[in-house]
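Structural characterization, general
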Amino acid sequence: MDGVTLQRAPGARAAETLLIAFLATVTMLFAGFTSAYLIRRTGSDWARLELSPLVYVNTLVLLGASVTLELAQTRKGALLPRAAALLGCLFLIGQVLVWRTLSGDGHFVWHRPQGAFFFLLSVVHGLHLAGGLIALVWLLTKHARLRLVVVYWHFLALAWIYVLVLLRFQ
């Protein structure tokens, strides 16, 4: 490029590398869970897990958070990131309500293996989402750029859709 190089601050490059490595690790974690799920569901005691309609409402809430953060990159102010954080919290609360519904229906961890897998996958996803909320709040207090957090939240949304597809088409 005629001697022109694109430079980024070393800290920004390190943060991008760290995020990529972390997302690769999380992807491998879910790949391991997928493998265990696919093997376990061949057992004779496996039955279809009927997901609560709230799971799909939660999915829309999570997608809303991801879209809100995408919009926040192009607009100044903290209102959109705060709205995304609120949507993330609503998603987590919604997941707890889903777990309570499944527990009441006898599908929870100690009742059936498919309930245990739903719990495992959604808790691990929820922990990653809680980490994303912490990162978002930290960036808001530092008035930092949101780009890496937005990438992370998009990953979370895609990971949740993957989990739903895995569980739905059992």
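I will try to describe carefully the structure that is included in this document. (Residues numbered from 1 in each chain as written. Predicted model: local features only at pLDDT ≥ 70, side-chain atom pairs only at ≥ 80, totals over all residues. Heavy atoms only, no water.)

Points about the overall build of the chain
Operational definition: Going along the chain from the N terminus, every DSSP run of H or I of four or more residues is numbered as a helix, and every run of E of two or more is numbered as a strand. Only protein chains enter the accessibility calculation, which uses a 1.4 Å probe; a residue whose area is less than 20% of its type maximum is buried, one above 50% is exposed, and one in between is partly exposed. Residue contacts follow a heavy-atom distance rule, with two residues in contact if any of their heavy atoms lie within 4.5 Å. Every accessible area reported is derived by Shrake-Rupley at a probe size of 1.4 Å, with residue values counting cover from the shown protein chains alone. His is not counted, nor are the chain ends; Lys and Arg add positive charge and Asp and Glu add negative charge. To locate a charge, the coordinates of NZ of Lys, CZ of Arg, CG of Asp or CD of Glu are taken.
For the chain, the helix and strand inventory stands at five helices and zero strands. If you list the helices and strands of the chain from N to C, you get α-α-α-α-α. Projecting the C-alpha coordinates of the chain onto the three principal axes gives extents of approximately 65 × 35 × 20 Å. Sorting the 170 residues of the chain into buried and exposed places 38% on the buried side. A sequence separation of at least 24 residues applies to 76% of the contacts in the chain between residues at least 6 apart. Here the chain displays about 9,900 Å² of accessible surface, and carbon together with sulfur accounts for 70% of that area. Separation between the mean location of the 14 positive side-chain charges and that of the 6 negative ones in the chain comes to 7 Å.

Thoughts on the nonpolar core
Selection criterion: Here, the term nonpolar core denotes a set of buried Ala, Val, Leu, Ile, Met, Phe, Trp, Tyr and Cys residues that are joined through side-chain atoms within 4.5 Å.
Within the largest apolar cluster, 43 residues are counted, with the highest numbers of intra-cluster contacts made by F118, W153 and W160. Looking at this core, the elements with two or more residues in it are α1 (10-40), α2 (53-72), α3 (79-104), α4 (113-142) and α5 (147-168). For this core, the element with the most residues is α5, which contributes 13 residues. Apart from residues lying up to four places away in sequence, W160 is in contact with V55, T59, L62, F91, Q95, F118, S122 and H125.

By themselves these figures say nothing about function.
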